[in-house]
Amino acid sequence: MTETPIEDLRKRVRALAEVEIAPIAADLDRDNRFPRELWPLLGDAGLLGLTAPRESGGAGLGLSAHLVVMEEISRASASVGLSYAAHSNLCLSNLVRHGNTKQRKRYAIPLCSGKRVGALAMSEPGAGSDVVGSMSCHASLHGDTWIANGSKTWITNAPDADVFIVYMRTHPGEDSGHGITAFIVESGMKGFRRGPPADKLGMRGSSTGELFFEDCEIPRGNVLGAPNRGLEILMSGLDTERVLLSGGPLGIMRAALDLVLPYTRKRRQFNRPIGSFELIQAKLADMYTALEASRAFSYHVAEAFDKGSASRRDAAACLLFASENAVRAAAETIQTLGARGYMNASDAGRLWRDAKVFDIGGGTNEIRRILIGRDLVGKAA
């Protein structure tokens, strides 16, 4: 039977991830090191600009294909997967969808090739779930230059990225969000600097840090879209972000089974493999069922997006479902491996630590539940 393009893509990404990413995953976690050397490899494989148009150096594929890549990279290393999503979706996809011809030519091609690393900056020390209403990082226009001041925090890829999409308040006193503008900021701009990598619980191979703007000079031509219309860009990208991020938990759940299944066949107690005990089999059955249910949901939503039937509710729901299942699967992996699972020499702890960020990042699960519930009962609620 002939393979579908999606199946062929999955096989290619899995082969690359097994050779180039999986062998260094534990080292990246231990050293808290961003693997910049992987970016040209991912670029050469055509994976960084998967959804970008061909004229911008991309592959012109859809969200379903993007989800495949996210899942398979995350299966090898969830931290590499998270940085991949920040680069390919949060930065590059938004740039090619909203940028003008000059901006796409200048930034998209090197981002697709892996010569440059991308990031997106929304969150601030005082602006988390209420990112729009509490945003204080601001910019004002002086001639042909925007002068920006403030800071951003919890930014994936911040210490290592070269190109940033940064949201700032540009209309003081405007609370509706229409006073927000998206800017393309480059490392090296006058008045712009980055903080050191944060020391995180998990996702340690994916660098996270702060951005500081101190009378930062941003050229007028680096406005993404139109001034004071950045909220539209921000909101239009959140749903695809959630769907793509659900591939991280899918990869973690697959990695958990990759780790625990051989162990249950090999580990013996009471003169038999522990996998022969019904209680262990029940744990494995629950892990497998959670993975397949999460995978079916996420790919169903991604296919709907590709067909033009986007659903904000389903985008939030598939990430909510996958993230919580991944945390449980990783915890059960530790439990099944027992003392071995609790040792840092095992990958089980890394899987749990990495999985937990999906309950929090990209919007907390509490916020996702609010979005889903509000949509179900209608706007009047």
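Up top is the structure these notes are about.
Throughout what follows, the structure given in this document is the object of discussion. Given the structure is predicted, the values throughout are model-derived calculations rather than measurements.

1. A few points about the overall build of the chain
Along the backbone of the chain there are 13 helices and 10 strands. By the compact-globule yardstick of 21 Å for 381 residues, the chain fits well, its C-alpha radius of gyration being 21 Å. Counting only C-alpha atoms and orienting by the principal axes, one finds that the chain spans roughly 80 × 50 × 45 Å. Contacts spanning at least 24 positions in sequence make up 73% of the contacts within the chain whose residues lie at least 6 apart. Of the charged side chains in the chain, 46 are positive and 43 negative; the average position of the first set lies 2 Å away from that of the second.

2. Quick notes on the environment of Gly 230
Tracing the backbone through its elements, the reader meets Gly 230 in helix H7 (residues 230-245). Among the residues examined, Gly 230 registers a relative accessible area of 0% and is labelled buried. Spatially, the C-alpha atoms of Gly 230 and Glu 124 are 16 Å apart, while their sequence positions differ by 106 residues. Not counting residues up to four positions away in its chain, the partners in contact with Gly 230 are Tyr 167, Ile 180, Thr 181 and Ala 182.

3. What about the side chain of Asp 354?
For Asp 354, the position within the fold is in helix H12 (residues 348-356). Although Asp 354 lies buried, it forms no salt bridge, and the closest oppositely charged side chain, Arg 350, sits 4.5 Å away as judged by the N-O distance. Setting aside residues no more than four positions away along its own chain, Asp 354 makes contact with Ala 78, Ser 79, Gly 202, Met 203, Arg 204 and Ile 252.

4. Topic: helix H9 (residues 278-306)
Across its 29 residues, H9 extends 42 Å between first and last C-alpha, which sits within 8% of the 42 Å expected from 1.5 Å per residue. Positive backbone phi, at 85 degrees, marks Gly 308, one or two positions downstream of H9.

5. A closer look at the packing of aromatic side chains
Applying the stated criterion across every chain, the model contains six aromatic pairs. Ring plane angle 70 degrees and centroid distance 5.4 Å describe the contact between Phe 164 and Phe 192, whose orientation is recorded as edge-to-face. Taken as a pair, Phe 164 in strand S4 (residues 163-169) and Phe 192 in strand S6 (residues 192-194) lie far apart in primary sequence, 28 residues in all. Taking the centre distance of 6.4 Å and the plane angle of 85 degrees together, the rings of Phe 270 and Phe 277 count as edge-to-face. For Phe 277, a relative accessible area of 25% puts it in the partly exposed group. Three or more aromatic residues joined by ring pairs make a cluster, and in this case those are Phe 164, Phe 192 and Phe 213.

6. Considerations on the nonpolar core
The biggest cluster of nonpolar side chains holds 84 residues, and the ones touching the most others in it are Tyr 84, Met 168, Val 185, Phe 213 and Ile 218. Aside from chain neighbours lying at most four places away, what touches Met 168 is Met 135, Cys 137, His 138, Ala 139, Ala 148, Gly 179, Ile 180, Thr 181, Phe 183, Phe 213 and Ile 218. Counting residues in hydrophobic clusters, the runner-up holds 27 residues, among them Cys 91, Cys 112, Val 131 and Met 135.

7. A look at empty space enclosed by the protein
For the structure on display, the rule yields two cavities of 30 Å³ or more. Considered as a void within the structure, the largest cavity measures approximately 50 Å³ in volume. What lines the largest cavity is simply Leu 90, Asn 94, Leu 120, Met 122, Tyr 167, Ile 233, Leu 234, Gly 237, Leu 238 and Glu 241. For the lining of the largest cavity, the secondary-structure elements that each account for two or more residues are helix H5 (78-98) and H7. For the lining of the largest cavity, the element with the highest residue contribution is H7, accounting for five residues. Of the voids in this model, the second largest cavity is the one considered here, and its volume is about 30 Å³. As for the second largest cavity, its lining consists of Ala 25, Asp 29, Ser 77, Ser 79, Met 203, Arg 204, Gly 205, Arg 350 and Asp 354. Only helix H2 (25-31) and H12 provide two or more residues apiece to the lining of the second largest cavity.

The rules behind the values
Here, residues in each chain are numbered from 1, in the same order as that chain's written sequence. Under the rules for a predicted model, residues below a pLDDT of 70 receive no local features and side-chain atom pairs below 80 are neither given nor counted, while totals for whole chains, interfaces and linings still include all residues. As a rule here, side-chain values cover all heavy atoms of the structure and leave hydrogens and water aside. Secondary structure elements follow DSSP: runs of H or I of four or more residues count as helices, runs of E of two or more count as strands, with numbering from the N terminus. Radius of gyration means the value over C-alpha atoms here, while the globule rule gives 2.2 Å times the residue count to the 0.38 power. Contacts: residue pairs with any heavy atoms within 4.5 Å of one another. Counting rule for charge: Lys and Arg are taken as positive, Asp and Glu as negative, and neither His nor the chain ends is counted. By convention, the point assigned to a charge is CZ for Arg, NZ for Lys, CD for Glu and CG for Asp. Classification of residues uses two cut-offs on accessible area relative to the type maximum, computed with a 1.4 Å probe and protein chains only: under 20% is buried, over 50% is exposed, and between them is partly exposed. When a carboxyl oxygen of Asp or Glu lies within 4 Å of a side-chain nitrogen of Lys or Arg, that pair is called a salt bridge. A helix is expected to span 1.5 Å for every residue after the first. Under the pairing criterion, centres of Phe, Tyr and Trp rings, with the six-membered ring standing for Trp, must be within 6.5 Å; the plane angle then separates stacked pairs below 30 degrees from edge-to-face pairs above 60, leaving the rest tilted. Residues belong to one nonpolar core when they are buried, are Ala, Val, Leu, Ile, Met, Phe, Trp, Tyr or Cys, and are joined through side-chain atoms within 4.5 Å. Cavities and pockets were defined on a 1 Å grid built over protein atoms only: a cavity is a set of grid points that admits a 1.4 Å probe from which the probe cannot escape, a pocket is an open set flanked by protein on both sides within 12 Å along at least five of seven lines, and lining residues are those with an atom within 4 Å of any such point. Grid points are joined across faces, edges and corners, and a volume is the space filled by probe spheres set on the points.

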